[in-house]
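# Topology and contacts: notes
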Amino acid sequence: MHNYGEPNGFMGFISELPLFFKLFGGVLVTFVVVIFLVVIIKGLKTWTSNNNSEVLRRRCKVVDKRTEVWGGSGESSASTNYYITFEFEDNSRKELYVKDNQFGMIVVGDIGELTFQGSRFKEFSRINEQGSSQL
């Protein structure tokens, strides 16, 4: 015999929780959703800004390289982000994220032409240092 006046299943479980746990759970779910939305919006803003930026090609020198390793605890594998800092003829600098194969082919001290769009690395073409002026 079934009593239709009493909640059952998951909703019954929720209705029997103390108010504190209901509020804490609601705040926690809201926090996770807000963080998720902020990350998505930030990514879309960067993507749109890069797409609206002019593609530039500037002479520069590679002055630094760095890696950022994250993850890798327990059974999960680590991930690595690669960054290169370029210095332009006016002494301004720009650090750009690059893919691993590009990171390995570019050496600190290289002189060349950097093609980039906003914060998006496109290409680095090394210039033969013989017969060209140093930065």
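Described in the following lines is the structure provided in the data block. The numbering scheme is per chain: residues are counted from 1 as the chain's sequence reads. With the structure being a predicted model, the display of local features is reserved for residues of pLDDT at least 70 and the display and counting of side-chain atom pairs for 80 or more, all residues being used for whole-chain, interface and lining totals. For side-chain calculations, the full set of non-hydrogen atoms in the structure is used, while hydrogens and water are omitted.

Glancing now at the environment of Lys 22. Checked against the element boundaries, Lys 22 lands in helix H2 (residues 19-52). When a residue's accessible area, from a 1.4 Å probe over protein chains only, is under 20% of the maximum for its type it is buried; when over 50% it is exposed; and in between it is partly exposed. Take Lys 22: its relative accessible area is 36%, and that puts it in the partly exposed class. Those residues in contact with Lys 22 that lie beyond four places of it in its chain are Ile 14, Ser 15 and Leu 17. Labels follow the DSSP assignment, with helices taken as runs of H or I lasting at least four residues and strands as runs of E lasting at least two, numbered in each case from the N terminus. The contact rule is simple, with two residues in contact once any of their heavy atoms fall within 4.5 Å.

Alignment of strand E1 (residues 55-71) against strand E4 (residues 111-117), held across seven bridges, turns out to be antiparallel. Within E4, the position partnered with Arg 59 by the bridge is Glu 113. Strand pairing follows a simple DSSP-based rule, namely that at least 2 bridges must link the two strands. Both E1 and strand E2 (residues 78-88) contribute to a ladder of eleven bridges, which runs antiparallel. Within the sheet, the bridge partner assigned to Cys 60 lies in E2 and is Phe 88. The antiparallel pairing of E1 with E2 creates a hairpin that spans six residues between the two strands, and Gly 72 there sits at a positive phi of about 90 degrees.

For the rest of this paragraph, the subject is the side chain of Arg 59. Position of Arg 59 relative to the elements: it lies in strand E1. Owing to a relative accessible area of 18%, Arg 59 belongs among the buried residues under this scheme. Polar contacts, as counted here, are pairs of nitrogen or oxygen atoms within 3.5 Å of one another; within protein the pair requires one atom able to donate a hydrogen and one able to accept it, and residues that are adjacent in sequence qualify only if both atoms are side-chain atoms. Polar side-chain contacts of Arg 59 include one of 3.5 Å to the side chain of Glu 89.

For Gln 117, the location among the structural elements is in strand E4. Those residues in contact with Gln 117, other than ones at most four positions away along the chain, are Asn 50, Asn 51, Ser 53, Glu 54, Val 55 and Lys 122.

Time to look at the pairing of E2. Relative to strand E3 (residues 93-98), E2 runs antiparallel, the two sharing six bridges. Paired with Glu 87 across the two strands is Arg 93, which belongs to E3. What sits between E2 and E3 in their antiparallel hairpin is a turn of four residues, with Asn 91 showing a positive phi close to 70 degrees.

Turning our attention to the packing of aromatic side chains. Put simply, two rings from Phe, Tyr or Trp (the six-membered ring, in Trp's case) pair if the centres are within 6.5 Å, and we call them stacked under 30 degrees between planes, edge-to-face over 60, tilted for the rest. Using the criterion set out here, one finds six aromatic pairs in the structure. Centre to centre, the rings of Phe 86 and Phe 124 are 5.7 Å apart; their planes meet at 35 degrees, and the pair counts as tilted. In this pair, Phe 86 is assigned in strand E2 and Phe 124 in strand E5 (residues 120-126), connecting sequence segments 38 residues apart. Just as Phe 86 is buried, Phe 124 falls in that class too.

A word on a nonpolar patch on the surface. Taken together, the side chains of Phe 20, Phe 21, Phe 24, Leu 28, Phe 31, Val 32, Ile 35 and Val 39 make up a nonpolar region of the molecular surface, amounting to roughly 850 Å² of accessible area. Given a relative accessible area of 48%, Phe 24 falls into the partly exposed group. For patch detection, residues must exceed 30% relative accessible area and be free of salt bridges, and they are connected within 9 Å for like charges or within 5 Å for nonpolar side chains (Val, Leu, Ile, Met, Phe, Trp, Tyr). Method for areas: the Shrake-Rupley scheme with a 1.4 Å probe, in which residue coverage is limited to the protein chains shown. By convention in these notes, a salt bridge is any Lys or Arg side-chain nitrogen within 4 Å of a carboxyl oxygen on Asp or Glu.

By themselves, these figures tell us nothing about what the structure is for.
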